[in-house]
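# Analysis of the macromolecular model
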Amino acid sequence: MQQAFIQAQAAFKQDEVPVGAVVVRDQKIIGRGFNQRESLNDPTAHAEIIAITAAANTMGDWRLDDCYLYVTKEPCPMCAGAIIMSRLKMVIFGCYDEEIGCCGSLYQLCGDPRFGQKIGVKGGVMKKESLELIKEFFLKKRIQ
């Protein structure tokens, strides 16, 4: 999760909402990403999507069955869908998102067996640090 947090800090430095993600397989990072919606003018350029795409490219396969996604904020519906479709084994996230979180807060898409995938979900890892970084970002935005 520390490596995902480093990615979130990179997003912060680039004036992007500070969310970072890494995909891990066999204790090795095979994909990294941070939010880049503003810089890429792409509504799908979330940290999770970028990290999943990088991992699939590294593996040469879109099936990420034995991989874990670490992300600093609970995934949104789009990212939860990408997690399901890439067949990740588990998603571990930092702070919860009561507004659009789909791994336990608003919905539980990743853990829903009706999608035919058994994806583990664990939230609250480095919750405080992840939430503080997001709060700092939006406080800075309000002051500007």
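A brief report on the enclosed structure follows. (Residues numbered from 1 in each chain as written. Predicted model: local features only at pLDDT ≥ 70, side-chain atom pairs only at ≥ 80, totals over all residues. Heavy atoms only, no water.)

Scanning the model with the defined rule gives three aromatic pairs in all. With centroids separated by 6.0 Å and ring planes inclined at 70°, the aromatic side chains of Phe12 and Phe137 adopt a geometry described as edge-to-face. Of the two residues, Phe12 sits in helix H1 (residues 2-13) while Phe137 sits in helix H5 (residues 127-143), which places them 125 residues apart along the sequence. Judged by its relative accessible area of 3%, Phe137 is buried. Judged by centre distance (5.0 Å) and plane angle (85°), the ring pair of Phe137 and Phe138 falls under edge-to-face. Counting every residue linked through ring pairs, the aromatic cluster contains Phe12, Phe137 and Phe138. (Phe/Tyr/Trp six-rings, centres within 6.5 Å; stacked < 30°, edge-to-face > 60°. Helix = DSSP H or I, 4+ residues; strand = E, 2+ residues; numbered from the N terminus. Buried < 20%, exposed > 50% of the residue type's maximum accessible area, 1.4 Å probe, protein only.)

Time to look at the environment of Pro77. Position of Pro77 relative to the elements: it lies in helix H4 (residues 77-85). Pro77 sits in the partly exposed class, given a relative accessible area of 40%. Remark: the alpha-carbon pair of Pro77 and Ile100, spanning 23 residues in sequence, is separated by 7.1 Å. When near neighbours in sequence (up to four residues on either side) are disregarded, Pro77 contacts Ile100, Cys102 and Leu109. (Contact = heavy atoms within 4.5 Å.)

Another aspect to go through is the nonpolar core. Grouped together as the largest cluster of nonpolar side chains are 28 residues, with contacts concentrated most on Val23, Ile52, Leu69, Ile83, Leu88, Val91 and Cys110. Once residues within four sequence positions are removed from consideration, Ile83 is found in contact with Ile52, Leu69, Pro75, Leu88, Val91, Cys110 and Ile119. Counting eleven residues, the second-largest nonpolar core is a separate cluster that includes Ala4, Ala8, Ile92 and Leu133. (Core = buried A, V, L, I, M, F, W, Y, C linked by side-chain atoms within 4.5 Å.)

Time to look at the sheet that holds strand E4 (residues 90-95). One open sheet holds the five strands; their spatial order is E2-E1-E3-E4-E5, and the pairing between them is mixed. Where the open sheet ends on each side, the last strands, each with one partner, are strand E2 (28-34) and strand E5 (120-122). Taken pair by pair, the neighbouring strands of this sheet meet at an average axis angle of 15°, ignoring direction. Running over the sheet, H5 touches strand E3 (68-73) and E4 and is turned about 60° from E4. (Pairing = 2+ DSSP bridges. Axes fitted to C-alpha atoms, helices over the stretch in contact; angles between N-to-C directions.)

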